[in-house]
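# What the coordinates show
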Amino acid sequence: MAETFSDLIAAEDVLLFVNAAVTATGQREFHSGAHAQRLSLAFLHEYVRVNYRPVYAASLALDINDHNAVLIIEALLRTPRAAGPEEKRVEGRLIARRLTMLPPQRVYRLFRGLRAAGVGNRRTRAILREWLATRPDLGHDAVKYRNGLKSAARHFHLPLSSGTTASRTATSGTAELGDFLFEPGRRKRYEHGLLDAYRRAHFEQGALYELPFTVAEGFAVKHGIPRGAFLERMEPRMTRLERLRTQRSVLAGSAVGANGTDADSAPEARTDLTVMPLTRLALYVLSLAMDERMRRRAELTRALRTAARRAAGPYTGTWGRVAAVLDDSYSSSGSGEKRRRPLATALSCHFLLDALAAPGSYTPLWTSGCVDPLLVRPYGPTPLGTRIIDALDQAPDRLVIVSDGWDNAPPGLAGEVLRVWRTRLDREGRTSAVHLNPVYDADGFDVRRLAPSVPTAGIRDAEDLPALVEIAQFAEGRTGLAELRAYLDRRVQRFVDDDPFCRFPGGDIVPSAGGSTSGGSGRSRSSSGDSGNGGSTRDEILSEGR
């Protein structure tokens, strides 16, 4: 059955929303302020929820960021009357599954927002109870996220009893948890070790070292404990990221740094970088000074390559010849809230693409001309057009462009190069191309694009690159709405462990009279292939461009 015009609009709107949900966080970007970001994102969420609610819920199964996942969950829970019984069941399962993937502080913040909005329906209470049941230790949450758990328990009527007789029964754990949150002076001691350590830490310095690091920090200040001594003693109880953030302070106060030796030469004093996620590791590398990156070149390179191979998984070495155009222009510095985030995405994509390409078949091209990825820094204009020509000269099987799309040296050259290449020199689609953009464009309600003939997908973490390239094929026009529905159906089924009741109701994707925001999205339904080489050269492209 041929696709109707409304089907095409629906597919465009779904892809537009997915791009925004992957990249946008409501924070200031290089080219737009935080208020514009939040306003644009709020409109897009409202538009998709009203017109395509099943798709809106199904996006929880995709690789969207935590900020947008929380916005989706809150919007679904605040508007239960807009969904039928089957949709509510699907939404409930998706929400419950996604909550287990979110950081606890975000979940508690979500339920504080629901409380402020006056939302307390039965479904919301049931979902919260289910999520709390999955928490490994509510006593730990009561100490580390005290206000969040207390607010949720009071508003959603959670069974945290504080009765006196219950403390001597089988429900003593729940009873003392209720007493800890609502009547902290009621008990002389607690059976739960963390709860009692929190009580003792008010007057006993040794007890604070039994607490989570972020909680113990406040008590250390209260007791006047020197920072260096506190960090050194707390080091065994820190998480990997906490240890990484405080690593230099620990080394500065240790004997390693005090005896004149190089603190960086003591690997036992540092966290194991090889187990860190790829994009987070790239952010850490970019936070280091240039001389430190050079001193630790072997360690940092080994860690980045190990993380990249882990992220590539079964796709390692399966992408053939790959050429990448990577944006390290000045705009990749991001903003105060997202410092160097676009550059970190490009750096992590560089190592991941190296792992995905066939051995010795990867060509990286940075816009600044840098040849050492460990020494990249945000600098200069964005000559994407000339770098794309250089990449196509390599006749790759795949061309991957990682950039915010602000081509300005000269403006528009990248789009013209890609147009000529696709329409004149590579009509058979021998080279597959995709543009991955880490920056949300608030004015366009989407990520900025280079050319209609090349699909664009939003990206935040390099680990999602293989899945995002798969999504980008829908924007390229090689697959239609039916394939997009089937893809979302498969993602939802995998996301909720193949629950047959969590079928994605794709047949309900019909745009309402509200219109569409996709008119200026620039997606073309031209065709492209995946194999072979482009055979494009610099002279051919430039002559066709003229």
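Residues numbered from 1 in each chain as written. Predicted model: local features only at pLDDT ≥ 70, side-chain atom pairs only at ≥ 80, totals over all residues. Heavy atoms only, no water.

## Topic: the sheet that holds strand β4 (residues 432-437)
In spatial order, the strands read β2-β1-β3-β4-β7; together these five strands make up an open sheet with parallel pairing. For this open sheet the edge positions go to β2 (362-366) and β7 (456-458), each flanked by a neighbour on one side alone. For this sheet the average axis-to-axis angle between neighbouring strands, irrespective of direction, equals 20°. In this structure, β4 lies alongside β7, joined through three bridges in parallel fashion. Its bridge partner being in β7, H435 is matched across the sheet by T456. (Pairing = 2+ DSSP bridges. Helix = DSSP H or I, 4+ residues; strand = E, 2+ residues; numbered from the N terminus. Axes fitted to C-alpha atoms, helices over the stretch in contact; angles between N-to-C directions.)

## Points about helix α5 (residues 85-99)
Look at α5: 21 Å from first C-alpha to last across 15 residues, which is about the 21 Å you get at 1.5 Å a residue. Listed as buried for α5 are E87, V90, E91, G92, L94, I95, A96, R98 and L99. (Expected span 1.5 Å × (residues − 1). Buried < 20%, exposed > 50% of the residue type's maximum accessible area, 1.4 Å probe, protein only.)

## A look at the confidence of the model for the chain
The share of residues in the chain with pLDDT of 70 or more is 81%, and the mean pLDDT across the chain is 81. This stretch, residues 161-171, has a pLDDT under 50; its non-local contacts, to residues over four places away or in other chains, come to 18 contacts. In the model, residues 251-269 has pLDDT below 50 throughout and makes 16 contacts with residues more than four positions away in sequence or in other chains. (pLDDT = per-residue confidence, 0-100. Contact = heavy atoms within 4.5 Å.)

## Overview of the pattern of salt bridges
Taken as a whole, this structure holds 29 salt bridges when the rule is applied. In this structure, E191 engages R189 in a salt bridge whose closest nitrogen and oxygen atoms are separated by 3.2 Å. Under the relative-accessibility criterion, E191 is labelled exposed at 63%. A salt bridge links D196 to R199, with the shortest nitrogen-to-oxygen separation between them at 2.9 Å. Within this pair, D196 and its partner R199 are both found in helix α11 (residues 193-200), separated by three residues, close to a single helical turn. Residue classification places D196 among the buried residues on the basis of a relative accessible area of 10%. (Salt bridge = Lys/Arg side-chain N within 4 Å of Asp/Glu carboxyl O.)

## Observations concerning the pairing of strand β3 (residues 398-402)
Counting buried positions along β3 gives five out of five residues, so the element sits mostly inside the fold. Neither face of β3 is left uncovered, since the one carrying R398, V400 and V402 and the one carrying L399 and I401 both have all their residues buried. Relative to β3, strand β1 (residues 322-326) runs parallel, the two sharing five bridges. Within the sheet, the bridge partner assigned to V325 lies in β3 and is I401. Relative to β4, β3 is paired through five bridges, and the arrangement is parallel. Bridging from a neighbouring strand, V400 pairs with V434 of β4. Between β3 and its parallel partner β4, the chain crosses via helix α22 (residues 413-425), and the hand of that crossover is right-handed. (Right-handed = clockwise from strand over helix to strand, strands pointing away.)

## With respect to the packing of aromatic side chains
Applying the stated criterion to the full structure yields 13 aromatic pairs. Aromatic side chains F43 and Y47 sit 6.3 Å apart centroid to centroid with 25° between the ring planes, which places their arrangement in the stacked category. In this pair, F43 and Y47 both sit in helix α2 (residues 34-51), four residues apart, roughly one turn of the helix. Looking at Y47, the relative accessible area reads 7%, which means it is buried. Taking the centre distance of 5.7 Å and the plane angle of 80° together, the rings of F180 and Y190 count as edge-to-face. Here F180, found in helix α10 (residues 172-182), pairs with Y190, found in the loop between α10 and α11; they are ten residues apart in sequence, far enough to count as distant. Of the two residues, F180 and Y190, neither departs from the other in class, the shared state being buried. Here the aromatic residues F43, Y47, Y52 and F445 are joined through ring pairs into a cluster of three or more. Positioned above the aromatic ring of F180 is the side chain of R146, whose terminal nitrogen or guanidinium carbon lies 4.5 Å from the ring centre. Its end group placed over the ring of Y379, R377 keeps NZ or CZ at 4.7 Å from the ring centre. (Phe/Tyr/Trp six-rings, centres within 6.5 Å; stacked < 30°, edge-to-face > 60°. Lys NZ or Arg CZ within 6 Å of the ring centre and 35° of its normal.)

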